[in-house]
Amino acid sequence: MAKLGIDLQEGFENDEVVVTIDGQESFRHTAVRTKRVLGLAMNDTIDVANGKHAIEISVPTRNLHHKLTINLRDELHLGISLRGSELDVITREERFGYG
Amino acid sequence: MAVPVSGSYRGFLTAPAGASQRLDLRIDVDKRIDEGSVLQRVSGDVFSIDKVVAPGQPPKETEVYLESWIMEHPKVVANGNATTITGEIRFWNAVHPKTTATIRIPSTPADAPAAVTIEKQSSPPATYSCPPAGKFFRALHLEVDVCKSVNKEPILPTYGTHSLKERPPDLTNRTLTIERAYGEAGIEMVIRGDKRDIIDDSAASFSSWSDAELHNAMEAHFSQYQGAWPKWEIWGLLAGEYDNSNVGGVMFDYAASLGGPGKAPERQGFAVFRKHFWFDSLVPNPKTDAELTAARKFLWCYTHESGHAFNLLHSWDKNRPKSLSWMNYDWKYASKPEEYWKAFRFRFDDEELTHIRHGNRPSVIMGGDPWSSGGHAEAPPGSEHLRMPPGAMTSATGDVPIDIEVSSQPYFEFLEPVSIELRARNLLSIPINVSGTLHPEFGNVTVYVRRPDGRIVEYMPISCKLAEDNIVELSPAGAKDSSDRHSRSIFLSYGRYGFYFDEPGQYFVRAVYHGPGDTLIPSNVHRLRVGHPKSVEADRLAQDYFSYETGAALYLGGSPSQYLEDGMNTLLEVVDRLKGSLAAAKCAARIAYGVGRTFHELDEKNIVRRKRGGDTKEALQLAELALKVFQAQKKPRHFNIPVERIARAKAELLLRSGNVTQARSEMTKLAGYLHKHGVKPSVTKKIEADAAKIKAPKAKTARRSRSAPSRKKR
């Protein structure tokens, strides 16, 4: 099994965020609010099988959606931010650090 | 070659005479600091100095911060004799007339003071003599404590800038510590080496720190925590792990606008988490790339977190996502973090340096912003509405002779008139005089209100009253009969620019007392809340309530003027429809006396004529209604002054209607009620004395009509 890190980063203000993996809801959080002093609202780690996966990220409170395909090997981290009317997603193999 | 003049200067006002002021001057026009940028700026912080001299005791000095300014386009002329700098200066807060400054710094001797002249339109110039105070622009102390679980070297960071190959090719080779990092920014940071607490975090039930726990630790261990803020002091904690293990460091003491608790003083402390994955390879003498990367990150973390204590936001929060600054994240700068390190020169960017060196003092100094607004942090885009009126950021240090306290009930109903109690309390062991009026109408108190949307406004009364100062002598501190204090109620709901508390939400109120001489003393920041309408009725009434006519009627204490008839009708409707509520009671109390008074107006010939006698019966009903509600409150402390006011008004109304005995009885009852609720004896004794003086009013003799003056005999 691999680890998929989901970091909700910038721009969240009492929002709901849903992440589905291959059509299955895997992550849902409400009242998400960014701590500006860190640039992070919250983060979580999900166990997912290695290989390709279709990820869909939704923010129902803003009617925003973003789709991407990932190829998971051991570990991957998604940094999700709201920028105006868009969802911005960064992917990296190392954990995000905040200070 | 001209001798560099950059650095700080500190001196006192030399003209005009009468006032006592200090100027902290910062000149940033040539290079004096290695690796430091030259920003071509000049800035100043102005303080008022007030001295209290008690017989047989050393003088006590209070220093009150007034305001800061910046010169953004200095013109510098240097010759062999002196360097002269001129330019227009801009004040950070409030509206000022066009102001210019001229600064002359003699080339010799080396410690020659800078002669500063500040000229405003229509005002005599102010001159200061400011001897040099060093090459840095500002200075502070850093105190570092450590958790037992991570108490091993390195506690503080050190990193050679050429240690790793990812660096700008022309980067100067030097060893950076946090002190040197800030030194290059123009800030003298001195670490309190004589103090290092080891905090035992070994309890089995404890694994990670929350913001609340960090703040608690700071309150317990920061040697500078107690005492007056703001001050140039920061606390740092080398801790184990944060609640979120992805967080390597945090400035946990942050403003409401950034999602923090928003309780001043703030920006006093930060933490670095030694168990974070960034520092897995951190060792005292790093040699491998992994160890050197950890050392570099350790330095970055300390400098970044303390940067937040200076009120610096992250680079991307300032629309500078590509800034090569301590305040950026490497992974935010580029998809490959090494791109950041290849270009980063281990510095703050110029805008941040301008803030740290020359920024508005309250927005830089730790604990400086009494409102915890945070909104002026480097003036992010869209923050123009957060500009402050003059004096809103006043702060005092040193031996303050008087404590000025703002208090009120913590919650006001929607439509309830808002008043605060302002109390002056003597802190000295000798008697001291204060202005007895203590009211913005007399110009000796300025009140500031921070509204729910974050705007801070100055309460401006409608009336401006000129009078001989009514001086009250406060007994020495600790007087058992509470004669060391004097209170006054101030109505704030309505003023020159309309209603000040017309929206539901959280408000903050602060006052600055302008005492005799140059005395300037700020109060605490008091928090209160205005509730939402509890009924559709109240919501509907708001449409008529928040109008000029109603506001003016409230401000004037009730008025039978034809021009305010609609306002009075609205207030009477509030009293009737919201009966039993504090909103109704306060409106009733506010207008009762005006309803009961005789009113004169101008007739069609512009002659003052009596419009009507007072409606004593209605006024007494209003007074009784208000008194009943006030006296039924569970926390009577905040209603003592309103009770006294309305009871006195009721007594006067009874006296005017010929009910002498009842008037006297009302006053006696009032004294008893207030005594029971802990009001100071001098107040209740005065009420009793006033009760004893009540006699039937003299019958008025017929007055000669002004409209028919007697004719002189020819």
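This write-up is about the structure you can find in this document. Keep in mind it's a predicted model, so treat the numbers as computed, not measured. (Residues numbered from 1 in each chain as written. Chains lettered and ligands numbered in written order. Predicted model: local features only at pLDDT ≥ 70, side-chain atom pairs only at ≥ 80, totals over all residues.)

### Description of the overall build of chain A
Broken down by element type, chain A carries 0 helices and 8 strands. Listing each helix as α and each strand as β along chain A from the N terminus yields β-β-β-β-β-β-β-β. With respect to the principal axes defined by its C-alpha atoms, chain A has extents near 35 × 30 × 20 Å. Expressed as a percentage of contacts within chain A between residues at least 6 apart in sequence, the contacts between residues at least 24 apart total 53%. (Helix = DSSP H or I, 4+ residues; strand = E, 2+ residues; numbered from the N terminus. Contact = placed C-beta atoms within 7 Å.)

### Examining the interface of chain B and chain A
Every contact between the two is made by 21 residues of chain B and, on the other side, 13 residues of chain A. Broken down by secondary-structure element, the contributors of at least two residues to the side of chain B that touches chain A are β17 (249-250) and α3 (289-309) of chain B. Split by residue class, the side of chain B that touches chain A holds 9 nonpolar, 10 polar and 2 charged. (Nonpolar A, V, L, I, M, F, W, Y, C, P; charged D, E, K, R; others polar.)

### Some details on the nonpolar core
Residues and elements named next belong to chain B. In terms of nonpolar packing, the biggest core is built from 117 residues, with L492, V574, A588, A592, L622, A623 and A626 touching the most fellow members. The biggest single contributor to this core is helix α11 (residues 582-596), with 11 residues. Apart from residues lying up to four places away in sequence, A626 is in contact with A585, A588, A589, A592 and I646. Among the nonpolar cores identified, the runner-up in size contains 83 residues, and L39, V146, C147 and L353 belong to it. (Core = buried A, V, L, I, M, F, W, Y, C linked by C-beta atoms within 7 Å. Buried ≥ 20, exposed ≤ 12 C-beta atoms within 10 Å, placed from the backbone.)

### Section: the sheet that holds strand β30 (residues 505-514) of chain B
All names here are of chain B. The strand order β21-β31-β30-β24-β25 describes an open sheet built from 5 strands, whose pairing is mixed. Each end of this open sheet is capped by a strand with a single partner; those strands are β21 (411-412) and β25 (456-459). Bridge count for strand β24 (residues 445-450) against β25 is 4 bridges, and the pairing is antiparallel. Residue pairing for β25: V447 is matched across the bridge by Y459. (Pairing = 2+ DSSP bridges.)

### Notes on the pairing of strand β6 (residues 82-91) of chain B
All names here are of chain B. As judged from the 2 bridges shared by strand β4 (residues 60-71) and β6, these two strands associate in the antiparallel manner. Across the sheet, W69 pairs through a bridge with F91, a residue of β6. Between the antiparallel neighbours strand β5 (residues 75-78) and β6 lie 3 residues. Sheet topology places β6 next to strand β7 (residues 99-106); 8 bridges connect them, and they run antiparallel. Paired with E88 across the two strands is T100, which belongs to β7.

### Section: the packing of α11 of chain B against helix α12 (residues 616-631) of chain B
Residue and element names in this part refer to chain B. Orientation of α11 relative to α12, taken along the N-to-C sense of each, is 150 degrees, at an axis distance of 8 Å. With respect to each other, α11 and α12 are oriented roughly antiparallel. Between α11 and α12 the crossing geometry is left-handed. Contacts from L582, A585, A588, A589, I591, A592, Y593, V595 and G596 in α11 reach T616, E618, A619, L622, A623, L625, A626, V629 and F630 in α12. For the contact of α11 with α12, the residue count by class is 15 nonpolar, 2 polar and 1 charged. (Axes fitted to C-alpha atoms, helices over the stretch in contact; angles between N-to-C directions. Parallel < 35°, antiparallel > 145°, perpendicular 65-115°, else oblique. Left-handed = near helix turned anticlockwise from the far one by under 90°.)

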